[in-house]
Amino acid sequence: MTSNKDPVSMLQDSSCQARVLDASDKHATFLFEQGEVTSLLKLTALPFRQRVLSQISSNHSEGDETARIIKLLKQYDFHLSSESGAEYSYYNATPRTGLWNSFLAILTSLVGNTSFFNFGPLQCEFIYPASDRQILRASPSPSSRFIYETPELYHNVTEPYIQELKQSGSLSWIDNVLSGEKEKERCLLDTEHFLLNVDTKWRSHPDPKTTSREVWYQHEAVDDLYCLAILKDKSIASLRDLRGSHLAMLKVLIQECPKVIKKTYGISSDMIRCFFHYQPQFYQTHIHFTRIHNEIGAQVERGHLVQDVIQNLEMDPDYYAKRTVTYALRITDPLYHRIDAFQSSKASQEA
C-alpha cells in the first residue's frame, strides 16, 4: 500500500484547486482537485466558524476561493495522529506560533473583528483519494426519499451494487484494520470473529498513541463514547446477510464488547446503545456502540438494535433475507438512481 498524500504536500501543489464543500458551526469540509484526483479535508471544532467559510466562498471567483482557502490552511502545522487503510488519515492542526499575527490578519481581512473568536487546534480527517461516494456523503444533504427494500429489490439492485463496490477494492482499508496494520493503538478487543476499536469519529477521545489507557477511564471524553465492532467474516456485507448461524457470534459480541467498554471507560452496559446501520457506511458488517444520550446515527429509519436483531433471528433464522427493510437514501446516491430505474422499468412492464 502506498502512503497517503499529506495535507501539507497538497497545499503546496500549485495545480491544486479548492472550494468549501460544506460548513456548519463546528465542522467544515474542503474539496481539493489535483488533475483527476480529488481529496477531502474535514475540519472539526473550527475556531473561525461558519461565518469565515461563507466569506471565503461567496462573491469570489473559483481561483480566488482556492487562494483564500490555501492561504488560511497554510497557517497551520499538521501532525499525523493515525491512519486507517488506503485513503484515510487523521491530523491535529495547530496555528503556527511564529505566524500568529499573520493568521489573525488573514481572518480579520475575511470577517472583520476577530476578537470574539475562540482560536484553537483543529482535528482533521484527510481522505486521499476521495471517491464519488465519499464526496457525496460529505456534501450538503440534498432531498432524501424512503426506500422500501423488498427481498426482490435487494437481490436485483442492492446486492449487485454491494458486490461491485467490494470488487472495486474500496474496502481494502478494512483488511488493514482487521490485521492490525492500521489503528492498532485503537484496538480494545480482538477475537476470532470480530474486532472492537475506538471509532475514529470519537474525536474528543484522548490520543490513543500518546496516552495510557488508565487515562481513558472516566475521562471527560466518555460523554462522546463511540466504538465500533467489525465482523471478520467477509461474506457478511450488511444486516441482510445475517442468519441464524450467526447467533452464537452475535451473543458473544453483545456480551463481551460492553464488558470491555465498561472496564476501559467506566460506562455500564445499560448506558450503551449497540446497533447496526442499514444502509451502512461501508459493506463489511459492523456494530456501533454509543452512549444512550448520544443520538448520532441512531435515526429510527437507519438503526437496528443488536438485541432486536438477535431476537428476530431466533424467531426466524432467515428473517433478514425475507423482510422488507425501510431506510432513507439521498436522491443523489448512486444506489437511489439504480433503485429508481429498476422500479420505473418494472412499473412500465406491469402497465
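Not measured: the values here are computed from a predicted model.

Things to note about the packing of aromatic side chains
Tallied over the entire structure, the rule returns 9 aromatic pairs. Centroid distance Phe 78 to Tyr 91: 6.4 Å. Interplanar angle 85 degrees. Geometry classified as edge-to-face. Here Phe 78, found in strand 4 (residues 76-84), pairs with Tyr 91, found in strand 5 (residues 88-95); they are 13 residues apart in sequence, far enough to count as distant. Residue classification places Tyr 91 among the buried positions, given a relative accessible area of 8%.

What to know about the pairing of strand 2 (residues 27-34)
Counting buried positions along strand 2 gives 6 out of 8 residues, so the element sits mostly inside the fold. Sheet analysis places strand 1 (residues 17-23) next to strand 2, joined by 6 bridges and oriented antiparallel. For Ala 18, the partnering residue across the bridge sits in strand 2 and is Phe 32. For strand 2 and strand 3 (residues 37-44), the ladder comprises 8 bridges, and the chain directions are antiparallel. Bridge pairing links Gln 34 to Val 37 in strand 3. Linkage of strand 2 to strand 3, two consecutive antiparallel strands, is achieved through a turn of 2 residues, within which Gly 35 is found at a positive phi near 65 degrees.

Notes on the sheet that holds strand 13 (residues 303-305)
Spatially, 6 strands are ordered 8-9-10-12-11-13 in an open sheet, and the strand pairing comes out antiparallel. Looking at strand neighbours, the two that pair on one side only are strand 8 (187-190) and strand 13, the edges of this open sheet. On average, adjacent strands in this sheet sit at an angle of 25 degrees to one another, irrespective of strand direction. Pairing geometry for strand 9 (residues 194-198) and strand 10 (residues 226-231), over 5 bridges, is antiparallel. Looking at strand 10, one finds that Val 198 is bridged to Cys 227. Strands in contact with helix 9 (residues 247-265) are strand 8, strand 9, strand 10, strand 11 (272-277) and strand 12 (286-291); relative to strand 9, the strand with the most contacts, it is inclined by about 30 degrees. Sheet strands touched by helix 10 (residues 306-315): strand 11, strand 12 and strand 13. Its angle to strand 13, the strand with the most contacts, is close to 65 degrees.

Notes on the packing of helix 9 against helix 10
Following both chains from N to C, one finds helix 9 and helix 10 inclined at 155 degrees, their axes separated by 10 Å at the closest point. Accordingly, the angle class assigned to the pair helix 9 and helix 10 is roughly antiparallel. Our pair here, helix 9 against helix 10, has a crossing hand that is left-handed. Between helix 9 and helix 10, the contacting residues are Leu 247, Leu 250, Lys 251 and Ile 254 on the first element and Val 306, Gln 307, Ile 310, Leu 313 and Glu 314 on the second. Grouping the amino acids of the contact of helix 9 with helix 10 by side-chain chemistry returns 6 nonpolar, 1 polar and 2 charged.

A look at the packing of helix 6 (residues 151-167) against helix 12 (residues 334-350)
Helix 12 packs onto helix 6 with a crossing angle of 145 degrees between their chain directions and a minimal axis gap of 10 Å. Every pair of crossing elements has a handedness; the one defined by helix 6 and helix 12 is right-handed. Residues Glu 152, Leu 153, Asn 156, Val 157, Thr 158, Tyr 161 and Glu 164 of helix 6 pack against Pro 334, Leu 335, Arg 338, Ile 339, Phe 342, Gln 343 and Lys 346 of helix 12. Tallied by class, the residues present in the contact of helix 6 with helix 12 amount to 7 nonpolar, 3 polar and 4 charged.

A closer look at helix 12
The end-to-end C-alpha distance of helix 12 is 25 Å, a good match for the 24 Å that 17 residues give at a rise of 1.5 Å each. Looking at helix 12, one finds that the buried residues are Leu 335, Tyr 336 and Ile 339. The arc that holds the buried residues of helix 12, viewed along the axis, is 100 degrees, so those residues lie on one side. In this structure, helix 12 carries Ser 348 and Gln 349 as exposed residues pointing more than 90 degrees from its buried face. Of the surrounding secondary structure, the elements contacted by the buried residues of helix 12 are strand 7 (144-149), helix 6 and strand 14 (325-330). Where helix 12 starts, the residue carrying a side-chain oxygen 2.8 Å from the main-chain nitrogen of Leu 335 turns out to be Asp 333.

Focus: the nonpolar core
The nonpolar side chains of a soluble globular protein tend to be buried with one another. The biggest cluster of nonpolar side chains holds 62 residues, and the ones touching the most others in it are Leu 196, Cys 227, Tyr 265, Ile 287 and Phe 289. Looking at this core element by element, the count peaks at 9 residues for helix 9. If we skip the residues at most four places from it in the chain, Tyr 265 touches Leu 188, Val 198, Trp 202, His 205, Trp 216, Tyr 217, Gln 218, Val 222, Leu 225 and Cys 227. By size, the runner-up hydrophobic cluster in this structure holds 20 residues, among which are Cys 16, Val 20, Ile 70 and Cys 124.

Overview of the state of the cysteines
Per the stated rule, a full pass over the model turns up 0 disulfides. Free of any disulfide, Cys 274 has its nearest cysteine sulfur in Cys 257, 7.9 Å distant. Classification of Cys 274 as buried rests on a relative accessible area of 3%.

Observations regarding the side chain of Glu 149
When you line up the elements, Glu 149 lands in strand 7. Here Glu 149 falls in the buried class, since its relative accessible area comes to 0%. One polar contact links Glu 149 to Tyr 278, side chain to side chain, over a distance of 2.6 Å. Discounting chain neighbours no more than four positions away, the residues touching Glu 149 are Tyr 154, Thr 158, Arg 240, Tyr 278, Gln 279, Arg 323, Thr 324, Val 325 and Tyr 327.

Cut-offs and rules
Residues numbered from 1 in each chain as written. Predicted model: local features only at pLDDT ≥ 70, side-chain atom pairs only at ≥ 80, totals over all residues. Heavy atoms only, no water. Phe/Tyr/Trp six-rings, centres within 6.5 Å; stacked < 30°, edge-to-face > 60°. Helix = DSSP H or I, 4+ residues; strand = E, 2+ residues; numbered from the N terminus. Buried < 20%, exposed > 50% of the residue type's maximum accessible area, 1.4 Å probe, protein only. Pairing = 2+ DSSP bridges. Axes fitted to C-alpha atoms, helices over the stretch in contact; angles between N-to-C directions. Contact = heavy atoms within 4.5 Å. Parallel < 35°, antiparallel > 145°, perpendicular 65-115°, else oblique. Left-handed = near helix turned anticlockwise from the far one by under 90°. Nonpolar A, V, L, I, M, F, W, Y, C, P; charged D, E, K, R; others polar. Expected span 1.5 Å × (residues − 1). Arc of directions from axis to C-beta. Polar contact = N/O pair within 3.5 Å; in protein donor to acceptor, adjacent residues only side chain to side chain. Core = buried A, V, L, I, M, F, W, Y, C linked by side-chain atoms within 4.5 Å. Disulfide = S-S within 2.5 Å.

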